[in-house]
Each structure stands twice: as structure tokens, then as C-alpha cells.
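Results of the structural survey
Chain by chain, the residues run as shown.
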Amino acid sequence: KAGVTQTPRYLIKTRGQQVTLSCSPISGHRSVSWYQQTPGQGLQFLFEYFSETQRNKGNFPGRFSGRQFSNSRSEMNVSTLELGDSALYLCASSLSSAPYNEQFFGPGTRLTVL
Amino acid sequence: DAKTTQPTSMDCAEGRAANLPCNHSTISGNEYVYWYRQIHSQGPQYIIHGLKNNETNEMASLIITEDRKSSTLILPHATLRDTAVYYCIVRVANAGGTSYGKLTFGQGTILTVHP
């Protein structure tokens, strides 16, 4: 079974631009969660989607948004990029949101904001 | 979610068992213990999880104390490829509200396996 895939793997943007990142979950998985990883803050939860609905959101500004499609694929969008948005963005998929279902992570998208 | 405490770093000789401790003294009865690891700049890799009983899979064993206030991840025969940051995470069992899909990562333990 194929793992979680994320595209693109690397991205360079300039301040003020917006960016869209994509995540394809493992086949059959309906829950997709997004995380941001930076050297200073570590791994932080952004949001979780299940059946096209955002059901949980971390403590991030409204510039960070996402959506999930009917095939469970998910995208996240960051508008008006800031230098501090430079990070590794990770998505993870799970069969459901139930805490006994493990999450499997993708390789991440490395975003650099100049 | 309950807070976890892990040593900042540990060393292990190749071929030996690596025993990584985690303290979660405020854990509730409905919270799972999860272990993930992350090799530099890659996505975290799921290792194992448990609620009350000890668990074993092809990667590792998870030993949870009877009072559930601490646990140990055991890699039975460590290899150089096991060098990574290991995260112990406590996750609420009853999904809902602020617990949906959320894993709270701490700083983890940097495990270095040397020849």
C-alpha cells in the first residue's frame, strides 16, 4: 500500500505571496492532519480534516487554512507569507480521528520564504 | 493531553537493546501512549502505541508500568539506522473536540547508536 504523499517536496516563495500544499493520504484513510515543524517551535498541530470537515484547529493565525476533498486528499494554504512561515509542513493520515488509530506521516514539504 | 518528560539524549551501542524512558505521571485512564521517531528532515515514523498492556510489534516493544505513569520503548537490537529523535506522546482516548487528529509533540530524545 502506498504511503502518504506530499507535493511539492520543496518550495521557495517570497514574503507576501501565498502557497498551496497538497497531501494524498493512504488509500482508505479518511482523516488528514497537518503539522508545522520549525527549529524553534518543534512540531505543532495545524488542523485536522475528516470527511471534508475541519474538526480541529491548532493555534495558528487565519492565514493558515485547509480543505479536504471527497477522495480524502487535502490541501493547505498559507496566504500573505511571512519569513517565519519557513518550515517543514507535514501531513499525516489515519483511518479515522479515533485516538487508537495511528497516524502515518508523509515526507513533508520544505517551504522557504525569502 | 498529559505532559510527557523524556531525557534529552541517549547513546546506545550497535546490536544492544536501546531502552528509552518516558514519564507521563499525569496520564488519565483513557489516554494512549504513542511513540514516533524522526530521522533528520524526514516525516515522523509511527513505532508503537498502547493503552494499558505491554505491546510488541516488528519494530519495538512498549512496556507500560502498572500505574501507567511511565513507559519504556525498547528497540531490541539497535542499528545505526535507529539513530533518530524519539517522541513519546500521550493521546486522549475519547476523540472529540480539541483532541481530533492532534498529536502533541515534545522535544523528544535524541538517540545515537554508535558502532
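Heads up: the structure comes first, above all this text.
Residue numbers restart at each chain and count upward from 1, following the sequence in its written direction. Lettering for chains starts from A, numbering for ligands starts from 1, and both go in the order in which the items are written. Selection of residues for local features in this predicted model requires a pLDDT of at least 70, selection of side-chain atom pairs for listing and counting requires 80 or more, and totals for whole chains, interfaces and linings are taken over all residues. Note that the side-chain values use all heavy atoms of the structure and ignore hydrogens as well as water.

1. Some remarks on the overall build of chain B
When helices and strands are counted, chain B shows zero helices and nine strands. Only runs of H or I of at least four residues qualify as helices and only runs of E of at least two qualify as strands under DSSP, and these elements are numbered from the N terminus. For chain B, the N- to C-terminal ordering of α and β elements is β-β-β-β-β-β-β-β-β. Buried means the residue's accessible area, taken with a 1.4 Å probe over protein chains only, is under 20% of the maximum for its type, while exposed means over 50%, and partly exposed covers the values in between. Each of the 115 residues in chain B was classed as buried or not, and the buried ones make up 45%. In this analysis, two residues are considered to be in contact whenever any of their non-hydrogen atoms come within 4.5 Å of each other. Pairs at least 24 residues apart make up 58% of the contacts formed inside chain B by residues separated by at least 6 positions. Surface exposure here means Shrake-Rupley accessible area, sampled with a 1.4 Å probe, where a residue is shielded only by the protein chains that are shown. As displayed, chain B has an accessible area near 5700 Å², and 49% of this comes from carbon and sulfur atoms. Note that His is not counted, nor are the chain ends; the positive residues are Lys and Arg, and the negative ones are Asp and Glu. Charged side chains are reduced to one point each, which is NZ for Lys, CZ for Arg, CG for Asp and CD for Glu. Once the 9 positive and 9 negative side-chain charges of chain B are each reduced to a mean point, those two points are 5 Å apart.

2. Description of the packing of aromatic side chains
Geometrically, a pair of aromatic rings is defined through the distance of the ring centres and the angle of the planes. Between 30 and 60 degrees the pair is tilted, below 30 it is stacked and above 60 it is edge-to-face, where a pair is any two Phe, Tyr or Trp rings, Trp via its six-membered ring, whose centres lie within 6.5 Å. By the definition in use, this model includes 14 aromatic pairs over all chains. Taking 5.9 Å as the distance between ring centres and 65° as the angle between the ring planes, the aromatic pair formed by Phe-104 of chain A and Tyr-46 of chain B counts as edge-to-face. Note that Phe-104 of chain A is positioned in strand 10 (residues 104-105) and Tyr-46 of chain B in strand 4 (residues 45-50), a pairing that runs across two chains. We classify Phe-104 of chain A as partly exposed; its relative accessible area is 30%. A centroid spacing of 6.5 Å and a plane angle of 55° characterise the contact between Tyr-32 of chain B and Tyr-34 of chain B, whose relative ring orientation is tilted. The buried category is assigned to Tyr-34 of chain B, whose relative accessible area is 0%. Three or more aromatic residues link up through ring pairs in this structure, and these residues are Tyr-35, Phe-45, Phe-104 and Phe-105 of chain A together with Tyr-32, Tyr-34, Tyr-36, Tyr-46, Tyr-87 and Phe-105 of chain B.

3. Digging into the environment of Ala-92 of chain A
Residue and element names in this part refer to chain A. For Ala-92, the position within the fold is in strand 9 (residues 87-94). Judged by relative accessible area, which is 1%, Ala-92 ranks as buried. Not counting residues up to four positions away in its chain, the partners in contact with Ala-92 are Ser-31, Val-32, Ser-33, Tyr-35, Gln-103, Phe-104 and Phe-105.

4. Remarks on the state of the cysteines
A disulfide bridge is the covalent bond that connects two cysteines by way of their sulfur atoms. For this text, the term disulfide refers to a pair of cysteine sulfurs within 2.5 Å. Tallying each qualifying case throughout the model produces two disulfides over all chains. What pairs with Cys-23 of chain A in a disulfide is Cys-91 of chain A, and their sulfur atoms sit 1.9 Å apart. Negative torsions about the S-S bond denote left-handed disulfides, and the value of about 70° found for Cys-23 of chain A with Cys-91 of chain A makes this one right-handed. Note that Cys-23 of chain A is positioned in strand 3 (residues 19-24) and Cys-91 of chain A in strand 9, a separation of 68 residues in sequence. Both residues of the pair, Cys-23 of chain A and Cys-91 of chain A, count as buried. In this model Cys-22 of chain B forms its disulfide with Cys-88 of chain B; the gap between the sulfur atoms is 2.1 Å. Disulfide Cys-22 of chain B-Cys-88 of chain B: the torsion about the S-S bond is -80°, which places it as left-handed.

5. Concerning the side chain of His-29 of chain A
Residue and element names in this part refer to chain A. Topologically, His-29 is positioned in the loop between strand 3 and strand 4 (31-38). At 3.3 Å, the side chain of His-29 forms a polar contact with the backbone nitrogen of Ser-94. For His-29, the contacting residues outside a window of four places in its chain are Ser-72, Ser-93, Ser-94, Leu-95 and Phe-104. We call two N or O atoms a polar contact when they sit within 3.5 Å, provided that within protein one can donate a hydrogen and the other can accept it, with sequence-adjacent residues counted only if both atoms are side-chain atoms.

6. Describing the interface of chain A and chain B
Contacts between chain A and chain B engage 22 residues on the former and 24 residues on the latter. A simple way to read buried area is as the amount of 1.4 Å-probe accessible surface that goes missing from two parts once joined, with both sides added. Buried area between chain A and chain B, summed over both chains or domains, comes out near 1800 Å², and the portion from carbon and sulfur atoms is 54%. Salt bridges are defined as contacts in which a side-chain nitrogen from Lys or Arg sits within 4 Å of a carboxyl oxygen from Asp or Glu. Our enumeration of links across chain A and chain B arrives at zero salt bridges. Across the contact surface, chain A and chain B share seven residue pairs in polar contact (both at pLDDT 80 or more).

Geometry only, nothing functional implied.
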